[in-house]
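# Topology and contacts: notes
Single-letter residue listing:
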Amino acid sequence: MSLKPLNDRVLVKRLESEEKTAGGLYIPDNAKEKPSRGEVLAAGTGKMVDGKLIPLTVKTGDQVLFSKYAGTEVKLDGEMYLIMREDDILAIID
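Attention here is on the structure that accompanies the text. (Residues numbered from 1 in each chain as written. Predicted model: local features only at pLDDT ≥ 70, side-chain atom pairs only at ≥ 80, totals over all residues. Heavy atoms only, no water.)

### What about the overall build of the protein chain?
- What the protein chain contains, in helices and strands, is zero helices and eight strands.
- Each helix and strand of the protein chain, placed in order from N terminus to C terminus, yields the pattern β-β-β-β-β-β-β-β.
- For the protein chain, with 94 residues in total, the buried portion stands at 27%.
- A sequence separation of at least 24 residues applies to 60% of the contacts in the protein chain between residues at least 6 apart.
- Accessible area for the protein chain stands at about 6700 Å²; split by element, carbon and sulfur atoms hold 52% of it. (Helix = DSSP H or I, 4+ residues; strand = E, 2+ residues; numbered from the N terminus. Buried < 20%, exposed > 50% of the residue type's maximum accessible area, 1.4 Å probe, protein only. Contact = heavy atoms within 4.5 Å. Areas by Shrake-Rupley, 256 points an atom, 1.4 Å probe, with all protein chains shown as cover.)

### A word on the sheet that holds strand β5 (residues 63-66)
- As summarised here, the arrangement of the six strands in space is β6-β7-β1-β2-β5-β8, forming an open sheet in which the pairing is antiparallel. The sheet terminates laterally at β6 (72-76) and β8 (89-93), the two strands that pair on one side only. Ignoring strand direction, the axes of neighbouring strands in this sheet form an average angle of 40°.
- Bridge count for β5 against β8 is four bridges, and the pairing is antiparallel. (Pairing = 2+ DSSP bridges. Axes fitted to C-alpha atoms, helices over the stretch in contact; angles between N-to-C directions.)

Here it is in structure tokens:
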């Protein structure tokens, strides 16, 4: 099954956070925060503004930063994904 976001929404898969701190200590699962970094797997066509279609800035394959509580979580084929508006994305990582 595939999922295609509509309009100005994007499908994002969270990237796992680091297992160790910079000092080499392992972080237990219950102390980890939800990662706020992910990869764009699919993007909609864009946003309609005053009757004109404005294309999205992000594209498939981009790594992005987003706020901790952005988007809606969906489960597809046993995997968790986020569907969010492009406005919820804070930055593209180069």
